[in-house]
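# A structural walkthrough
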Amino acid sequence: SPYIKVSTLKSLIKAAPEETVIDVYTRWDAEDFLSGSSDLECFDLTNVRPKTNLHRVDDLHAKLYVGDDRVALLGSANLTPSGMGHPQTEGNFEFYKGNLELLHQIEIEYKSELGEFIQHVENIAVLVSQEDYLEMKDRIKILEVLSPPEQHPAQQLDNIIEVIRNWVPLSDHPEKVIQSILHSN
């Protein structure tokens, strides 16, 4: 999954038996971390559990979850609370804010296109090292200084609407208000 959050990865790790090898493939992109789409702390989580590895795959967009070498889930869901339909918390409130996602269970045949895709991802993936992690932390710090985080367009729109609500006088005749503003300049 390109996007991965600690809470969802924690749930996945908790559900897997200790002897299970977990290989996580994700994008390793500073913009994804800055925007909150992914959590850098997933690296720490994968380092705590034996037999758990975090791999980076540049430009990854596919969402594929392989449970064993025979069956996989393929679809649109990222490894995030909203992608997996997990409850989210804000303060003392817990709520569900899931996306409408698709995960389809399929058999893996390694001579098929899916098998070739899995093999390709494994071949181009790079195991994230402690050095990679520290470099990314530094890169994120620099980017935070150089370009403060932008607001999501929806938040920008909410802010504009709030300004308009507080500024535009309410009137039964808005055209008269607008005319008076135009003529006062």
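Not measured: the values here are computed from a predicted model.

### Some details on the overall build of the protein
- Counting secondary structure elements, the protein contains eight helices and eight strands.
- Counting across all 185 residues of the protein, residues that qualify as buried make up 29%.
- For the protein, the share of sequence-separated contacts (at least 6 apart) that also reach a separation of at least 24 residues comes to 73%.
- Total accessible area on the protein stands at roughly 13,200 Å², and carbon and sulfur atoms take up 54% of it.

### Concerning the packing of aromatic side chains
- Counted under the stated rule, the structure contains two aromatic pairs.
- Considering the side-chain rings of Trp28 and Phe33, the 5.1 Å spacing of their centres and the 80° angle between planes classify their relative orientation as edge-to-face. The pair Trp28 / Phe33 is uniform in exposure class, with both members buried.
- Here Phe43 and Tyr133 contribute two aromatic rings whose centre-to-centre distance is 4.6 Å and whose plane-to-plane angle is 15°, an arrangement assigned as stacked. Of the two residues, Phe43 sits in helix α3 (residues 42–48) while Tyr133 sits in helix α6 (residues 130–146), which places them 90 residues apart along the sequence.

Criteria and thresholds
Residues numbered from 1 in each chain as written. Predicted model: local features only at pLDDT ≥ 70, side-chain atom pairs only at ≥ 80, totals over all residues. Heavy atoms only, no water. Helix = DSSP H or I, 4+ residues; strand = E, 2+ residues; numbered from the N terminus. Buried < 20%, exposed > 50% of the residue type's maximum accessible area, 1.4 Å probe, protein only. Contact = heavy atoms within 4.5 Å. Areas by Shrake-Rupley, 256 points an atom, 1.4 Å probe, with all protein chains shown as cover. Phe/Tyr/Trp six-rings, centres within 6.5 Å; stacked < 30°, edge-to-face > 60°.

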